[in-house]
Amino acid sequence: MLSVIIVIIVLIIDQWSKISCASALDLGEKIDVIKGVFSISYVENRGAAFGMLQNARVFFLIATIITCSALIYFMIKEYKRMPAAMHISLALILAGALGNFIDRAILGYVRDMLYFELIDFPVFNVADSAICIGAALLVIDVLFFKGKAYIDSLNKKHESRNDDGNDKKEGN
C-alpha cells in the first residue's frame, strides 16, 4: 500500500509541476529562483536523460511499458518478502517512469523545468528526480542494508532450482 501511495503522490506532484510550468512560461523562458544557482526554465525534451536519443518516442514508450510492467509484477510477487526501503525505491522509480511516460504518450515529449545553473546541469523534472532518488536508495539498500540479505535470498532460491525450474531434491 505504501508503494501505491508513493506512486500517486509523486505522479500528482510531477504532473502538477509540469502543467503549472507549461502554462506559466513560454518555451525557453526562465525564472531565477536563486540567481546564478537555480532557476525554473521550461524546455521540451524529445529524448532521454540529458537529451540523448532525440525523437525515439516509440522506443521510449515500449521500453517504459515493459519496464513498468516488470516492476509492478516484481513488486506484487515479492510484496511480503521485500524490505520497506526497496518498496520505496522501486515505487519512486516506477512513479518517475510513469510521469515521463504520460508526457511522451500524450504530448510526444517530456516537460522539464528544474535547472541548476551553478553546475550547468541539464534541465530535469520531478519524475527524473524520483527515478534518480529511487535508484540511489535502491543501490544503498542493496549494498549496505536489508536489500543485501533480500537479494542474497533470491540468489539462493534461484540456485536451489535446476534447469527445469523444479526444486532440487536430495539424491537426484
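Residues numbered from 1 in each chain as written. Predicted model: local features only at pLDDT ≥ 70, side-chain atom pairs only at ≥ 80, totals over all residues. Heavy atoms only, no water.

What to know about the layout of surface pockets
Argument step 1. In this structure, the second largest pocket encloses a volume near 170 Å³.
Argument step 2. Lining the second largest pocket, in full, are Met1, Ser3, Val4, Val7, Ile72, Met75, Ile76, Tyr79, His87 and Leu94.
Argument step 3. Going through the elements one at a time, helix H1 (2-24), helix H2 (57-77) and helix H3 (84-107) are the ones with two or more residues in the lining of the second largest pocket.
Argument step 4. Residues of the lining of the second largest pocket, tallied by class, amount to eight nonpolar, two polar and no charged. (1 Å grid on protein atoms, 1.4 Å probe; cavity = no way out; pocket = protein on both sides within 12 Å on 5 of 7 lines; lining within 4 Å. Points joined across faces, edges and corners; volume = space filled by probe spheres on them. Helix = DSSP H or I, 4+ residues; strand = E, 2+ residues; numbered from the N terminus. Nonpolar A, V, L, I, M, F, W, Y, C, P; charged D, E, K, R; others polar.)

Structural notes on helix H4 (residues 126-144)
Argument step 1. End to end, H4 covers 27 Å across 19 residues, agreeing with the expected 27 Å (1.5 Å per residue, within 8%).
Argument step 2. Among the residues of H4, those classed as buried are Ala127, Ala130, Gly134 and Asp141. Here the buried residues of H4 occupy an arc of 60° about the axis, which is enough to place them on one side. Turned more than 90 degrees from where H4 packs its buried face, Cys132, Leu143 and Phe144 sit exposed.
Argument step 3. Check the buried side of H4 and you find it contacts H1, H3 and helix H5 (146-159). (Expected span 1.5 Å × (residues − 1). Buried < 20%, exposed > 50% of the residue type's maximum accessible area, 1.4 Å probe, protein only. Arc of directions from axis to C-beta. Contact = heavy atoms within 4.5 Å.)

Quick notes on the nonpolar core
Argument step 1. Judged by nonpolar contacts, the single largest core of 18 residues is most densely connected at Val7, Val10, Met75, Met82, Leu90 and Leu94.
Argument step 2. Within the residue set of this core, elements represented by two or more residues are H1, H2 and H3.
Argument step 3. If one sorts the elements of this core by residue count, H3 sits on top with eight residues.
Argument step 4. Residues contacting methionine 82, with those up to four places away along its chain left out, are Phe74, Met75, His87, Leu90 and Tyr150.
Argument step 5. The next biggest cluster of nonpolar side chains, apart from the first, holds eight residues, and it includes Leu25, Phe38, Met113 and Leu114. (Core = buried A, V, L, I, M, F, W, Y, C linked by side-chain atoms within 4.5 Å.)

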